[in-house]
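One letter stands for each residue in the lines below.
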Amino acid sequence: MAAEWDLPPAKSDGPCPPLVSVGLFAYNEARFLRGSLESLFAQDYANLEIIISDNCSTDDTEAICREYAQRYKNIRYQRQLHNVGSAANSIHVLAQATGEYFMWASGHDVWSPALVSTCVALLEGHPSAALAFGTAHWIDEDGRSWDKKESGWYDTRGTDAMQRFFMAFWGNAHPILGLIRTRYLRELPKIHACAGADQIVLAELALKGDILHAPDAVWWRRQPRKRESYAERIRRYRSADFGLAHSWLDRNLPLLRLPLEQARAVLRSPLGSGEKIAILLGLMPAFLVRYLAGRKA
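Residues numbered from 1 in each chain as written. Predicted model: local features only at pLDDT ≥ 70, side-chain atom pairs only at ≥ 80, totals over all residues. Heavy atoms only, no water.

Novice: Residue-level account of the sheet that holds strand E7 (residues 179-181), with values.
Specialist: In space, the 8 strands of this open sheet follow the order E3-E2-E1-E4-E7-E6-E8-E5, with mixed pairing throughout. Each end of this open sheet is capped by a strand with a single partner; those strands are strand E3 (75-79) and strand E5 (110-111). With 6 bridges connecting them, strand E1 (residues 20-26) and strand E4 (residues 101-106) associate as parallel partners. Bridged to Gly-23 within E4 is Trp-104. (Pairing = 2+ DSSP bridges. Helix = DSSP H or I, 4+ residues; strand = E, 2+ residues; numbered from the N terminus.)

As structure tokens, then:
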């Protein structure tokens, strides 16, 4: 049962800043969870609510979460009755959010103290932007720097919707763990529990507004697993723990939903017919190039 909670006062004497909802999804994160929670409570942005959804962990995750929920009134802790899969658990925390801005957080990452405040300032200064995100550094299980190909960043300021779409398509998925306008996420017809769901959401958001990079905001993205081959990654996507393989399509062709849903996002967008056709003509060959490259990784 969730602890009683209320929102902490803003640190400034001026108007209360916008509420930020942090949705932390966790499954057997006891090894790293205290560090992640301490990192969130070290943020210099006071108006935070932290929603934790424990995916029926079998380690000490529940005990740690309940301890912090007793200490901090702006935590809401919920425990799933059974393992619903990582994707469904991350969708659940969004459904509980009440803030103007939302950020997904895993139970093993770490954030610099000014990450939230820096991203809020960027979004407040760019009302048409969809999200703002910090610079990611990969670390391994022991907190050591890990050289991984999925690094780097992009910023779509000064581009049109078609350019934003393909920047999101070719870029990595780090921005999905940035600060996002909650109403833009609410406007999505559905967030799919499938392989590539993060890229689908990023494509939808890129069609709505800019994706802003905050270079001085840093977060450390932990890779709690050993390096995987393409085949191993696909097997993980199909596992019950991830909960991504509910349909025949997702079990047998797990990446095919990605271009299908991205194409639907384009068709739903307010772009003109010519722009929609141009994106759709470029999408499938781009997907094949990226997919074939991914199989060789």
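Structure's up, so let's keep going.
Novice: Give me the lowdown on the packing of aromatic side chains, citing residues and values where you can.
Specialist: Within this structure, the stated rule accounts for 7 aromatic pairs. Relative to Trp-170, the ring of Phe-169 lies with its centre 5.2 Å away and its plane at 85 degrees, an arrangement referred to as edge-to-face. Three or more aromatic residues link up through ring pairs in this structure, and these residues are Phe-165, Phe-166, Phe-169 and Trp-170. The ring of Tyr-68 is capped by Arg-71, whose NZ or CZ atom sits 4.6 Å from the centre of that ring. (Phe/Tyr/Trp six-rings, centres within 6.5 Å; stacked < 30°, edge-to-face > 60°. Lys NZ or Arg CZ within 6 Å of the ring centre and 35° of its normal.)

Novice: Give a detailed account of the packing of helix H1 (residues 30-41) against helix H2 (residues 61-71), specifying residues and quantitative values.
Specialist: Running from N to C, H1 and H2 point in directions that differ by 20 degrees, and their axes come no closer than 9 Å. Relative to H2, the element H1 is oriented roughly parallel. Our pair here, H1 against H2, has a crossing hand that is right-handed. Touching Ala-30, Leu-33, Arg-34, Leu-37, Glu-38 and Phe-41 of H1 are Thr-61, Ile-64, Cys-65, Glu-67, Tyr-68 and Arg-71, all from H2. Here the contact of H1 with H2 is composed, by residue class, of 7 nonpolar, 1 polar and 4 charged. (Axes fitted to C-alpha atoms, helices over the stretch in contact; angles between N-to-C directions. Parallel < 35°, antiparallel > 145°, perpendicular 65-115°, else oblique. Left-handed = near helix turned anticlockwise from the far one by under 90°. Contact = heavy atoms within 4.5 Å. Nonpolar A, V, L, I, M, F, W, Y, C, P; charged D, E, K, R; others polar.)

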